[in-house]
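Below, each chain spelled out in residue letters.
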Amino acid sequence: MPLRRIVTSALASLALALASAGALTLSAGPAAANPCGFFETASDAYYNHCTSDGSHIVIEIDDWGPNSERCVGPGTTWIGSSSDIDGAWYTGRTC
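Everything in this summary refers to the structure shown in the same document. Along every chain, residues carry numbers that run from 1 in the direction the sequence is written. Reporting in this predicted model follows two pLDDT cut-offs: at least 70 for local features of residues, and 80 or more for side-chain atom pairs to be given and counted; totals over whole chains, interfaces and linings ignore these cut-offs and use all residues. To obtain the side-chain values, all non-hydrogen atoms of the structure were included, while hydrogens and water were left out.

1. Here's the deal with the sheet that holds strand β2 (residues 44-49)
With antiparallel pairing, the three strands of this open sheet are ordered in space as β1-β2-β5. With one partner strand each, in any of the chains shown, β1 (37-40) and β5 (75-81) form the two edges of the open sheet. Strand-to-strand twist across the sheet, computed as the mean angle between neighbouring axes with direction ignored, equals 25°. A pair of strands counts as paired when DSSP detects no fewer than two bridges linking them. Helical segments are the DSSP runs of H or I of at least four residues, strand segments are the runs of E of at least two, and each set is numbered from the N terminus. Across four bridges, β1 lies against β2 in antiparallel orientation. Among the inter-strand pairings, Phe 38 is bridged to a residue of β2, identified as Tyr 47. Each axis is a line fitted through C-alpha atoms, and for a helix only the stretch in contact is used; angles between axes span 0 to 180 degrees, taken between their N-to-C directions.

2. Quick look at the state of the cysteines
Here, the term disulfide refers to a pair of cysteine sulfur atoms separated by no more than 2.5 Å. This structure, assessed with the given rule, holds two disulfides. Each sulfur in the disulfide pair Cys 36 and Cys 50 lies 2.0 Å from the other. The sign of the -105° torsion about the S-S bond sets the Cys 36-Cys 50 disulfide as left-handed. In this pair, Cys 36 sits in the loop between α1 (2-33) and β1 while Cys 50 sits in the loop between β2 and β3 (57-63), placing the two residues 14 residues apart along the sequence. On the accessibility criterion, Cys 36 (54% relative accessible area) is exposed. Burial classes follow relative accessibility: with a 1.4 Å probe on protein chains only, a residue under 20% of its type's maximum area counts as buried, one over 50% as exposed, and anything between as partly exposed. Taking the relative accessible area as the measure of exposure, Cys 50 reaches 43% and is therefore partly exposed.

Geometry only, nothing functional implied.
Set out below in structure tokens:
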């Protein structure tokens, strides 16, 4: 009887672990597709201003030469080619 209980517990634990891993993968998919802040694809760089208040913010863009600034609104904004942009961040100012 103890062996049967051990096998049943092990199978239940494995099933729970697989179900949890599947749930994490499903929930991570949409968030990873459009993260807040700077992100890039193989060819393009974007800044996603995640807000529900409609604000426009100033971001600093680390590009070739001196950094530049840009005003972006809510949602995802294309900021250039990923080969030209090394990063972007919120400056703490609105525009």
